[in-house]
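Analysis of the macromolecular model
One-letter residues, chain by chain:
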Amino acid sequence: MERLAPRLKLVPCVVLSDLPTDEEAIAAFSAGARGYCNTHAFAQVLIQVAAVVLQGGLWIGESLMQRLVSATSRVQVQASGGRAAVRPSWSKDLTDREKEVATTLAAGASNKEIARALGITERTVKAHVGAILEKLHVRDRLQLSLIVNGQASGRPESPGST
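Fair warning: this is a prediction, and the values are worked out from it, not measured in the lab. (Residues numbered from 1 in each chain as written. Predicted model: local features only at pLDDT ≥ 70, side-chain atom pairs only at ≥ 80, totals over all residues. Heavy atoms only, no water.)

Each helix and strand counted, the chain has seven helices and two strands in total. Secondary structure elements of the chain occur, N-terminal to C-terminal, as β-α-β-α-α-α-α-α-α. Residues classed as buried in the chain amount to 33% of the 162 residues present. When the accessible area of the chain is evaluated, it comes to approximately 10,200 Å², of which 57% is carbon and sulfur surface. (Helix = DSSP H or I, 4+ residues; strand = E, 2+ residues; numbered from the N terminus. Buried < 20%, exposed > 50% of the residue type's maximum accessible area, 1.4 Å probe, protein only. Areas by Shrake-Rupley, 256 points an atom, 1.4 Å probe, with all protein chains shown as cover.)

Next up, the structure:
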């Protein structure tokens, strides 16, 4: 049996749910899942989920992602004595508008909320977010939020997918 153990390869698991909830997603991730998605998602979405997970990423639903991003913002505000503290070094390569998008995103806003707050379209927000992720070499909104809120250092070695 011991001779077989080195040959075992763990395959990433994606949990599909008919009625997805954040609590169920958290339980799935706690049990080792690498993705959580609605059973009724379109085929293209499921292909994207598989690609992200097979590349080592996590597939997290939008509402859970918003909760995580908001939580990082609240933790940073509490740690800074009630005021939002932003590390300036992360923003040096960004335009003023990209900085606005990044800080609004890091406060927990959705693309629609960012668009409304800044008076731009959701499509423009998505373009800015893509540019920000590329410029900062971060994988996703959560990692960006952690950097903006001072919980992580910027510029990991290899950029990933959004």
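Before going further, it helps to examine helix 2 (residues 43-54). Between its first and last C-alpha, helix 2 extends 16 Å over twelve residues, near the 16 Å set by a 1.5 Å rise per residue. Inspection of helix 2 places V49, V52 and V53 among the buried residues, and these make up the whole buried set. All buried residues of helix 2 lie within an arc of 95° about the axis, which places them on one face of the element. Away from the buried face of helix 2 by more than 90 degrees, exposed residues A43, Q44, I47 and L54 are located. Looking at the buried positions of helix 2, the neighbouring elements they touch are strand 1 (14-17) and strand 2 (35-38). Of the residues flanking the end of helix 2, it is G56, one or two places downstream, whose phi is positive at about 95°. (Expected span 1.5 Å × (residues − 1). Arc of directions from axis to C-beta. Contact = heavy atoms within 4.5 Å.)

Judged from the four bridges that link them, strand 1 and strand 2 form a sheet pairing that is parallel. Paired with V14 across the two strands is G35, which belongs to strand 2. Taken together, strand 1, helix 1 (residues 22-30) and strand 2 form a β-α-β motif whose crossover is right-handed. (Pairing = 2+ DSSP bridges. Right-handed = clockwise from strand over helix to strand, strands pointing away.)

What follows covers the pattern of salt bridges. Inspection of the entire model under this criterion finds three salt bridges. We note a salt bridge from K99 to D96, for which the minimum N-O separation is 4.0 Å. Of this pair, K99 and D96 both sit in helix 4 (residues 96-106), three residues apart, which is roughly one turn of that helix. Its relative accessible area of 27% is what places K99 among the partly exposed residues. Looking at D96, the relative accessible area reads 60%, which means it is exposed. (Salt bridge = Lys/Arg side-chain N within 4 Å of Asp/Glu carboxyl O.)

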